[in-house]
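Each chain is listed here by its residues.
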Amino acid sequence: MKEMLIHIVKPQTGMAKNRIIRATIIVVTVMVATTTALLMQAQAVDAGRLFSVSAMLASPDGKLLYVASDRSSELLVWNSQSHKQLRMITTSQPAHGIVLSQNSQKLYVAEGESDGVLNTYDTRSGKRIASVLLGHTPMSPALYANGKMAAVCLRFQNELALVDLSKSKLVARIKCLREPVAVGVTPDGRTAVVANHLPTQAADANYVAAGVTLVDLRSPRVIKNVLLPNGSSGVRGLAISPDGKFAYITHILARYGMPTTQLDRGWMNTNALSVLDIAKRQYLNTVLLDDVNRGSANPWAVSVTADGKKLLVSSAGAQELTVIDRIALHRKLERCADPNGVPDDLAFLNGLRQRVTLKGNGPRVICVVGQNAFVANTFTQDIEIYRLDLSALAGRWPLVKQTVISQSRRGEMLFNDGTMCYENWQSCASCHPDSRADSLNWDLMNDGMGNPKNTRSMLLSHKTPPVMSLAVRDKAETAVRAGMKFIQFASRPESDAKAIDSYLTGMQPVKSPYLQHGKLSASALRGKKLFTQAGCANCHSGPYYTNLKAYNVGMGVYNEANLKFDTSSLVEVWRTAPYLNDGSAADMMSVLTTHNKGDKHGMTSNLSKQQLGDLAEYVLSL
């Protein structure tokens, strides 16, 4: 711009010179303003392009890496040796998982949300050649039957879909536990191991834990549901050993029975890797990825090397990779004098593993190729290479052109960042996975001690003040800052809190799996009328289904028996079980029946079984 002005503006004298100077100033001012606006617009566009890695796999020869995004409809093909992008495949929707056909000619991609599909793409041309409509949020496809069949998690339908790839046809749906997010198939193709994200129990039960579903793929049918240790939630990753004998699952192991007075030694949340014996169809044990004075927040991806010698786990909140001697781990588990004490032993992995601090942020995907482990970072949009034979980081390269990160995206990164926390024990997402809820009761100090409350979703929290069950915080902004201080035991700059506010304010609800083609079912339409007739709409009114007021509806016990509780939003309530302030209602029918004595939160006692079902169907469709 300066060079252009030098050529345009020539030396002048007198009034003509002044006119030229004034005109030049105006031109420069306009150009600067225009350029600034364009730069801001470009930054906004760039910041909006989020290549958030959801899956990564390598070609059989290890030369190509296929990298998918769940925020953009892009699937990148990289040369794993030169670290150069070769081409991009445009997917129909953001992807939640990919798998390569046995001959490497086809790529199967699980895409979309409420109308999720399994699409087939030609790896050479990038063209879509087949599509199968599956259901809500397909994830983590895995092949079996010599590559002729695929098992795909349907996260928000709580199902495992079985697809005949040769016919592009959905052939079966298998009911799992709650929110299946990862599936692996044993080498013999007989058993699918499905990792489920959240617990299904009422939060005030004696045992609250997520579980693993074992499926016989030949029948097909559920063999067994195996629960993880009490307090297990936020399940993310699953891997099966090369011999098919063991499965490894990453998750949070919450110490939710303790008041949240400290973080030392994993007082609130620990970060775990559980082991299942597939042959015996039973839980084996759980080891902690943390050290005594250093947490490993938010374990995510897990992988086993082809020779079975090493286990690799990424901790997406602690920004690290853990490399475990798998053979030594099993040997120690076999010889352990007190197997029941292993899930509480912060020193059990001492001498068996190496913790590697990564340079990027949000490592959620691992792909092992020979002696190289490729770790993809969600928020810095890059890949780091760890050399297993040298036990060292060997390189890092960006997946997309680096851009100015938006305030909202930075807030999302901070919300998931455990390094903000004292000793890296947890992030905001440890109790609020995907910014929703972990389905556990926590005894927070903001309303006294000895009165645990169910974790609440962050969705619409900034738009429906006050917050907390007893409305002890006037608004979500106050709660965000209090959470940093009293839950993470950290002192952070105001800019961090503002960024998190921006992220949470911009969150959008996910469409309910109870909708049919995006609309209310016949049952839900009947329930909509009952919603008004039963008086539910009196309190759950407006665009967020709350009048923002508090009422005594008989939910409190002991010293809270006569207190008023905040009217929570019903938007996306299908996703936030268990219900009520203490999580005592495992499902919506319980809310309307056994937990509604005296019709204090809706006149439901005179409704028939069908009417109750219709009302529940409507509420769960919101």
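None of these values were measured; they are calculated from a predicted model.

Q: Got a minute to help me understand the overall build of the protein in this structure?
A: Helix and strand content of the protein: 11 helices and 33 strands. The principal-axis extents of the C-alpha atoms in the protein amount to approximately 95 × 60 × 55 Å. Expressed as a percentage of its 622 residues, the buried residues of the protein come to 55%. Partitioning the intrachain contacts of the protein with sequence separation of at least 6 by distance along the chain shows that 51% fall at a separation of at least 24. Accessible surface, the protein as shown: approximately 27200 Å² in total, 53% of it carbon and sulfur. Both charge centroids of the protein, one from 68 positive and one from 50 negative side chains, sit 6 Å from each other.

Q: I would appreciate a short explanation of the sheet that holds strand 8 (residues 128-135) in the present structure.
A: For sheets, the rule is that strands pair by backbone hydrogen bonds, running either parallel or antiparallel. Strand order in the open sheet made by the four strands is 5-6-7-8, with antiparallel pairing throughout. Only two strands of the sheet have a single neighbouring strand rather than two, namely strand 5 (95-100) and strand 8. Recorded for the sheet is a direction-independent mean angle of 20 degrees between the axes of neighbouring strands. Judged from the six bridges that link them, strand 7 (residues 116-122) and strand 8 form a sheet pairing that is antiparallel.

Q: Please explain the nonpolar core as it appears in this structure.
A: Soluble, globular proteins show a tendency: their nonpolar side chains are buried together. Of all hydrophobic cores here, the largest spans 24 residues; its most connected members are Phe531, Tyr579, Met588, Leu615 and Val619. Listing elements by their share of this core, those giving two or more residues are helix 8 (522-533), helix 10 (588-592) and helix 11 (609-619). In this structure, Val619 is in contact with Phe531, Leu570, Val573 and Met588, ignoring residues within four places of it in sequence. Membership of the second largest hydrophobic core comes to 19 residues, among which are Val287, Val313, Val342 and Phe348.

Q: Looking at this structure, I do not really get the environment of Val369. What am I missing?
A: When you line up the elements, Val369 lands in strand 26 (residues 363-369). Expressed as a C-alpha distance, the spacing of Val369 and Leu622, which sit 253 residues apart in the sequence, is 44 Å. Apart from the residues lying within four places of it in its own chain, the contact partners of Val369 are Ala58, Gly62 and Phe374.

Q: Teacher, can you tell me more about the packing of aromatic side chains here?
A: Each aromatic ring pair is specified by the distance between its two centres and by the angle formed by the two planes. Scanning all chains against the criterion turns up six aromatic pairs. Arranged with centres 5.2 Å apart and planes meeting at 80 degrees, the rings of Phe156 and Trp574 form a pair that is edge-to-face. Taken together, the residues span a long stretch of sequence, with Phe156 in the loop between strand 10 (149-154) and strand 11 (159-164) and Trp574 in the loop between strand 33 (565-566) and helix 10 at a distance of 418 residues. We classify Phe156 as buried; its relative accessible area is 8%. With a centroid separation of 5.3 Å and an interplanar angle of 65 degrees, the aromatic rings of Phe531 and Tyr618 are classed as edge-to-face. Here Tyr618 lies in helix 11 and Phe531 lies in helix 8, a separation of 87 residues in the sequence.

Q: Explanation requested: the side chain of Asn377 in the structure shown.
A: Its location among the elements puts Asn377 in strand 27 (residues 372-377). Residue Asn377 is classed as buried on the basis of its relative accessible area, which comes to 0%. Only 3.0 Å separates the side chain of Asn377 from the side chain of Glu384, close enough to count as a polar contact. With near-sequence residues (within four places) excluded, Asn377 lies in contact with Leu358, Gly360, Asn361, Gly362, Pro363, Asp382 and Glu384.

Q: Can you help me understand the sheet that holds strand 14 (residues 191-198) in this one?
A: Taken together, the four strands give an open sheet; going across it, the order is 13-14-15-16, and neighbouring strands pair in antiparallel fashion. Strands at the two margins of the open sheet, each flanked by one partner only, are strand 13 (178-185) and strand 16 (221-227). Across the sheet, the mean angle from the axis of one strand to that of its neighbour is 25 degrees, orientation sign disregarded. Two strands pair when backbone bridges link them, and strand 14 and strand 15 (residues 211-216) are joined in this way by five bridges, in the antiparallel orientation. Following the sheet pairing, Val194 is matched in strand 15 by Thr213.

Q: Explain unusual backbone geometry here, please?
A: A negative phi angle characterises most non-glycine residues, just as the trans form characterises most peptide bonds. Cis geometry marks the peptide bond from Ser219 to Pro220; its omega dihedral reads -15 degrees. Locating Pro220 in the fold gives a position in the loop between strand 15 and strand 16. Phi is positive for Leu548, close to 65 degrees, though the residue is something other than glycine. Tracing the chain through its elements places Leu548 in the loop between helix 9 (536-539) and strand 32 (550-551). Using a relative accessible area of 37% as the deciding quantity, one classes Leu548 as partly exposed.

Q: Honestly, the packing of helix 4 (residues 407-415) against helix 7 (residues 494-505) in this entry has me stumped. Any pointers?
A: A pair of packed helices is characterised by two quantities: the angle between their axes and the separation of those axes. Orientation of helix 4 relative to helix 7, taken along the N-to-C sense of each, is 105 degrees, at an axis distance of 7 Å. The angle between the axes of helix 4 and helix 7 places the two elements in the roughly perpendicular class. Only Ser495, Asp496, Lys498, Ala499, Ile500, Ser502, Tyr503 and Leu504 of helix 7 make contact with helix 4, whose side of the interface consists of Gln407, Ser408, Arg410, Gly411, Glu412, Leu414 and Phe415. Considering only residue class, the contact of helix 4 with helix 7 consists of six nonpolar, five polar and four charged.

Q: Would you mind showing me how to read the packing of helix 8 against helix 11 here?
A: Remark: helix 8 packs on helix 11, axes separated minimally by 7 Å, with the N-to-C direction vectors making an angle of 95 degrees. The pairing of helix 8 with helix 11 is recorded here as roughly perpendicular in orientation. Residues Ser523, Ala524, Arg526, Gly527, Lys528, Leu530 and Phe531 of helix 8 form the contact with helix 11, whose participating residues are Gln610, Gln611, Gly613, Asp614, Leu615, Glu617, Tyr618 and Val619. Residues that form the contact of helix 8 with helix 11 fall into these classes: six nonpolar, five polar and four charged.

Conventions adopted
- Residues numbered from 1 in each chain as written.
- Predicted model: local features only at pLDDT ≥ 70, side-chain atom pairs only at ≥ 80, totals over all residues.
- Heavy atoms only, no water.
- Helix = DSSP H or I, 4+ residues; strand = E, 2+ residues; numbered from the N terminus.
- Buried < 20%, exposed > 50% of the residue type's maximum accessible area, 1.4 Å probe, protein only.
- Contact = heavy atoms within 4.5 Å.
- Areas by Shrake-Rupley, 256 points an atom, 1.4 Å probe, with all protein chains shown as cover.
- Lys, Arg positive; Asp, Glu negative; His and termini not counted.
- Charge placed at Lys NZ, Arg CZ, Asp CG, Glu CD.
- Pairing = 2+ DSSP bridges.
- Axes fitted to C-alpha atoms, helices over the stretch in contact; angles between N-to-C directions.
- Core = buried A, V, L, I, M, F, W, Y, C linked by side-chain atoms within 4.5 Å.
- Phe/Tyr/Trp six-rings, centres within 6.5 Å; stacked < 30°, edge-to-face > 60°.
- Polar contact = N/O pair within 3.5 Å; in protein donor to acceptor, adjacent residues only side chain to side chain.
- Parallel < 35°, antiparallel > 145°, perpendicular 65-115°, else oblique.
- Nonpolar A, V, L, I, M, F, W, Y, C, P; charged D, E, K, R; others polar.

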